[in-house]
Amino acid sequence: MAEQTKVVTLEKVVVRFSGDSGDGMQLTGTIFSYLSAILGNDISTFPDFPAEIRAPQGSLSGVSGFQVHLGSRKIFTPGDKADVLVAMNPAALKVNVNYLKPYAIVIVDIDSFQKSDLEKAQFTTDDPFTELGLTGIQLVAAPISTMVKNGLSEFGLDTKSAVRCKNMFALGLVCWLFDRPLDEAMYKLQSKFAKKPPIARANIKALSDGYNYGCNIHASVSTYRIESKKSAPGFYTDINGNKATSYGLIAAAEKAGLQLFLGSYPITPATDILQELAARKELGVKALQFEDEIAGICTAIGAAFAGSLAATSTSGPGLALKSEAIGLAVIAELPLVVIDVQRGGPSTGLPTKSEQTDLLQALYGRNGESPVVVIAASTPTDCFDAAFWAGKLALEHMTPVILLTDSFIANGSSAWRIPNLEAYPEIKPKYVSEYKDEKPWKAYRRDPETFVRYWAVPGTPGFAHRIGGLEKDYDTGSISTEPLNHQKMVATRQAKIDKIAGFIPELEVLGDVRDAELLLIGWGGTYGHLSEALEIMRENGKKVALAHFRFINPLPKNTADVLHRYKKVVVAEQNSGQFANYLRSKVPGFNPDKFNRIKGQPFVVARLVEEFTKLLEA
């Protein structure tokens, strides 16, 4: 690298790739994230794309983005604002202008900034940078489309196919900017286009041309050096939440010695779970797509009755459709994992955006007294552990478990150390072979300590039985409408869920555990943003702690003790206060402050710090 190049060493940096939905920004960001992860950086990503299959080209509504935050220390979030923006057209520049740091590097394809392109993006002048007030940025205005067409002229591609490789030119330029070797990126491209070798070669050529172009303009912008993070020995990969959820279910089935069955129906943003598990036939997974949400969950209930670890995946609208069948699994007392990847609502709402607005639906969205276990994953990599826990609790306690993730962590990714499955606990269902009572076995005979119904898998000699959606007699398992019996069965099903609190970890508090003046409370996918806010406030000399919930129903048994330990408490969530109100109902005398945002976007850490500091100093 030339001597005059300004090299800036940073602990962390935020890069955002942005362009039309057809510009390949998701692939570009994914490959750059993968490169950073294998080079030892911690990462957090945020794919942000429209719900439309293809909005009008060059329009503001059609902008697709992928943001990655990488660093040499723990990275909690995808970052608030970008140090580097790749904007493939004027619309991408305009949509992202408020997410730029003052002296950010902005890379644009100047070929896409013609008069007609500016008009599509609703600019009123021919100088978009001045119009947007971007006077302090480091601008790299490169004729990317032209250079890609010229560079690929020897490949015999038509113009449209050649220009589609411009995202790889941009990736090569960004790899130069961060001194990233291209070998692994080339391998990724060869794998992705293995069945189309000419396309693979063209993309690799565009990638190399972008890198070389960067070398030729090295004096015009700063470059960045991000040191590798010191990590525990092991194998690492870049993984998103949906894939981690899939692997967690596979691991749970393996530990239980059962076949994994997924009965599902495609719905954004949960479809990738169905696709991933459908590709894992070599591991004995059966993943089937059915005609609708109801059919998907009903087949899963059948698989649970037959002795499988059964699961179904969906998002908010699908969870509503599955509610009656979840009630069937509750009264039949069958193990079932229901994965709800939350998105913006109500109704069709914001299919590709993220919220935490399904909590009360998960807790109470069924007819009758219908208690289920509710768990929430906190990060993309935590989706593995959360799915494992969901499978374990469902099988060992004979109950449906609703696992809540959200679009942010489901599509976002982090560097993941592939776990050693031997370190995970065994999963031991309460099979009928453990029944030792003198009374003859019946379908609803229970463990007297946990109230868990003994599981008689169909085909077990001597244990033929019927279960179903009608209320059963506590002793005989026969259909019963007797009032006192119904009261007893309702109370027993609730007590079974309550007793699970003795089988889950206690609530952990991070930060200034003993002397915090403010306790932050969160659940689910806001963990990273709240953790970073906690870190910043403590660096500023504030006494702050964080309690983040994975287990929501039942709550950890030390919940009340933790919540009453601090004078000031704020519950932050991406809804109107569902978890805060739930905690009020469960913990007498608990009356927290609330911080709520429902924008379809992740929290902004700077805003969290500002609001929490005001609350602390009030």
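Residues numbered from 1 in each chain as written. Predicted model: local features only at pLDDT ≥ 70, side-chain atom pairs only at ≥ 80, totals over all residues. Heavy atoms only, no water.

**Comments concerning the nonpolar core**
Counting residues in each nonpolar core, the largest one holds 57 residues, and the members touching the most others are Leu519, Ile521, Ile552, Phe579 and Leu583. No other element matches helix α12 (residues 293-305), which puts six residues into this core. Setting aside residues no more than four positions away along its own chain, Phe579 makes contact with Leu359, Ile521, Gly522, Trp523, Phe549, Ile552, Leu555, Val571 and Glu573. (Core = buried A, V, L, I, M, F, W, Y, C linked by side-chain atoms within 4.5 Å. Buried < 20%, exposed > 50% of the residue type's maximum accessible area, 1.4 Å probe, protein only. Helix = DSSP H or I, 4+ residues; strand = E, 2+ residues; numbered from the N terminus. Contact = heavy atoms within 4.5 Å.)

**Here we look at the domain arrangement of the protein**
For the protein, the assigned domains are domain 1 (7-226), domain 2 (237-423), domain 3 (430-504) and domain 4 (509-617). When each unit is reduced to the centre of its C-alpha atoms, the spacing between domain 1 and domain 4 is 36 Å. Facing the eight residues of domain 1 at the interface are 12 residues of domain 4. Area buried by domain 1 at its contact with domain 4 is led by Phe76, Thr77 and Asp80, which between them contribute 61% of it. Summed over the shared surface of domain 1 and domain 4, the number is one salt bridge. With a shortest N-O distance of 3.9 Å, Arg73 and Glu535 are connected by a salt bridge. For the pair domain 1 and domain 4, the interface holds three residue pairs in polar contact (both at pLDDT 80 or more). A class-by-class count of the residues in the side of domain 1 that touches domain 4 yields three nonpolar, one polar and four charged. (Domains from an automatic or database assignment. Buried area = accessible area lost by both parts, 1.4 Å probe. Salt bridge = Lys/Arg side-chain N within 4 Å of Asp/Glu carboxyl O. Polar contact = N/O pair within 3.5 Å; in protein donor to acceptor, adjacent residues only side chain to side chain. Nonpolar A, V, L, I, M, F, W, Y, C, P; charged D, E, K, R; others polar.)

**Brief notes about the pattern of salt bridges**
Inspection of the entire model under this criterion finds 25 salt bridges. One salt bridge connects Glu293 with Lys322, and the closest N-O pair in it is separated by 3.0 Å. Of this pair, Glu293 sits in helix α12 while Lys322 sits in the loop between α13 (316-321) and α14 (323-332), and the two are 29 residues apart along the sequence. Across the pair, exposure class does not vary: Glu293 and Lys322 are buried alike. Of the charged contacts in the structure, one is a salt bridge between Lys430 and Glu434, with a shortest N-O distance of 3.7 Å. When its relative accessible area of 18% is taken as the criterion, Lys430 is described as buried. Take Glu434: its relative accessible area is 36%, and that puts it in the partly exposed class. When salt bridges with common partners are traced through the structure, they connect Arg607, Glu610, Glu611 and Lys614 into a single cluster.

**Notes on helix α19 (residues 527-539)**
Compared with the 18 Å implied by 1.5 Å per residue over 13 residues, the 18 Å span of α19 between its first and last C-alpha is a close match. For α19, the full list of buried residues reads Gly528, His529, Leu530, Ser531, Glu532, Ala533, Leu534 and Met537. Gly541 sits one or two positions beyond α19 and adopts a positive phi of about 90 degrees. (Expected span 1.5 Å × (residues − 1).)

**Here we look at the side chain of Ser308**
Considering the arrangement of structural elements, one finds Ser308 in the loop between α12 and β12 (309-314). Residue contacts for Ser308: discarding those within four places in its chain leaves Leu258, Gln259, Phe261, Ala303, Leu395 and Trp455.

**Things to note about the side chain of Lys166**
Within the secondary structure, Lys166 sits in helix α7 (residues 166-177). A relative accessible area of 10% places Lys166 in the buried class. Those residues in contact with Lys166 that lie beyond four places of it in its chain are Asp23, Met88, Asp109, Ser112, Ile144, Ser145 and Val148.

**Things to note about the packing of aromatic side chains**
Applying the stated criterion across every chain, the model contains 18 aromatic pairs. Each ring, one from Trp389 and one from Phe551, has its centre 5.3 Å from the other, and the planes form 85 degrees; the classification is edge-to-face. Residue Trp389 is found in helix α16 (residues 382-397), and its partner Phe551 is found in strand β20 (residues 551-553); the two are separated by 162 residues along the sequence. Classification of Phe551 as buried rests on a relative accessible area of 6%. Among the aromatic residues, those joined into a ring-pair cluster are Tyr247, Phe384, Phe388, Trp416 and Tyr424. When the ring centre of Tyr34 is taken as origin, the NZ or CZ atom of Lys188, which lies over that ring, is 4.2 Å away. (Phe/Tyr/Trp six-rings, centres within 6.5 Å; stacked < 30°, edge-to-face > 60°. Lys NZ or Arg CZ within 6 Å of the ring centre and 35° of its normal.)

**Some points on the sheet that holds strand β19 (residues 544-549)**
Strand pairing in a sheet relies on backbone hydrogen bonds. The paired strands run either parallel or antiparallel. A sheet is described by the order of its strands in space; here five strands give the open sequence β17-β19-β18-β21-β22, paired in mixed fashion. Of all the strands in the sheet, just β17 (509-511) and β22 (593-596) have a single pairing partner and so form its edges. Sheet twist, expressed as the average angle between the axes of neighbouring strands with direction ignored, equals 25 degrees. Pairing of β17 with β19, which is carried by three bridges, proceeds in the antiparallel orientation. By the bridge assignment for β19, Leu510 is matched with Leu546. Its contacts with the sheet place helix α22 (residues 605-617) against β18 (518-523), β19, β21 (569-573) and β22, and it is angled at close to 165 degrees to β22. (Pairing = 2+ DSSP bridges. Axes fitted to C-alpha atoms, helices over the stretch in contact; angles between N-to-C directions.)

**Digging into the environment of Pro371**
Note on placement: Pro371 falls in the loop between α15 (359-364) and β14 (373-376). Taking the relative accessible area as the measure of exposure, Pro371 reaches 11% and is therefore buried. Residues Pro371 and Val401, spaced 30 residues apart in sequence, show a C-alpha to C-alpha distance of 9.7 Å. Excluding its chain neighbours within four sequence positions, the residues that come into contact with Pro371 are Val330, Arg493, Gln494 and Ile497.

**Let's talk about unusual backbone geometry**
A cis amide bond links Thr268 with the next residue in sequence, Pro269, at an omega value of 5 degrees. Here Pro269 lies in the loop between β10 (260-264) and α11 (271-278). For the bond running from Asn553 to Pro554, omega is 0 degrees, close enough to zero to count as cis. With respect to the helices and strands, Pro554 occurs in the loop between β20 and α20 (559-563). Of note in this structure, Asp179 is not a glycine but carries a positive phi near 55 degrees.

**Observations regarding the packing of helix α1 (residues 25-38) against α7**
It is at 9 Å that the axes of α1 and α7 come closest, and there the two elements cross at 30 degrees. Classified by the angle between their axes, α1 and α7 sit roughly parallel to one another. Both α1 and α7 take part in a crossing whose hand is right-handed. Where α1 abuts α7, its residues Met25, Leu27, Thr28, Ile31, Phe32 and Leu35 lie against Asn167, Met168, Leu171, Val174 and Cys175. Here the contact of α1 with α7 is built from residues that sort into nine nonpolar, two polar and no charged. (Parallel < 35°, antiparallel > 145°, perpendicular 65-115°, else oblique. Left-handed = near helix turned anticlockwise from the far one by under 90°.)

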